[in-house]
Amino acid sequence: MLLLTRKNRIKELCKSSGITMEELANQLLVSPSTVSQWANGKRPPFDSTKWKEIADIFNVRIDYVMGLDRIDPEHY
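To start, this report covers the structure provided alongside it. (Residues numbered from 1 in each chain as written. Predicted model: local features only at pLDDT ≥ 70, side-chain atom pairs only at ≥ 80, totals over all residues. Heavy atoms only, no water.)

1. So, the side chain of threonine 34
Reasoning step 1: Assignment of secondary structure puts threonine 34 in helix H3 (residues 32-39).
Reasoning step 2: Engagement of the side chain of threonine 34 in a polar contact is seen with the side chain of arginine 43, the distance being 3.3 Å. (Helix = DSSP H or I, 4+ residues; strand = E, 2+ residues; numbered from the N terminus. Polar contact = N/O pair within 3.5 Å; in protein donor to acceptor, adjacent residues only side chain to side chain.)

Okay, here's the thing in structure tokens:
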């Protein structure tokens, strides 16, 4: 279940921020297929610093990106 939530958060954050997963991949210095695998729940980022980088890009908490925090970041 956690991977499903993570999948939805990465896609959701990309969509709400108006950036493509390819643009996110470029910012994270990974391939677009890697971001696609993360977003589709096929595998989480192996490097834990990538969670922080994703959170920083979208200006949200790491917990939110990982699906551990159910509170919408706009309500902080």
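2. Regarding the nonpolar core
Reasoning step 1: Counting residues in each nonpolar core, the largest one holds 17 residues, and the members touching the most others are Ile10, Leu24, Ile54, Phe58, Val60 and Val65.
Reasoning step 2: Where this core is concerned, the elements lending two or more residues are helix H1 (2-17), helix H2 (21-28), H3, helix H4 (49-58) and helix H5 (62-66).
Reasoning step 3: What phenylalanine 58 contacts, discounting residues up to four positions off in sequence, is Leu13, Cys14, Ser17, Ile19 and Leu24. (Core = buried A, V, L, I, M, F, W, Y, C linked by side-chain atoms within 4.5 Å. Buried < 20%, exposed > 50% of the residue type's maximum accessible area, 1.4 Å probe, protein only. Contact = heavy atoms within 4.5 Å.)

3. A short note on unusual backbone geometry
Reasoning step 1: Of note, the phi angle at leucine 29 is positive, near 60 degrees, even though the residue is not glycine.
Reasoning step 2: Checked against the element boundaries, leucine 29 lands in the loop between H2 and H3.
Reasoning step 3: In this structure leucine 29 comes out as exposed when scored by relative accessible area, which is 76%.
Reasoning step 4: Backbone geometry places asparagine 59, a non-glycine residue, at a positive phi of 55 degrees.
Reasoning step 5: One can find asparagine 59 in the loop between H4 and H5.

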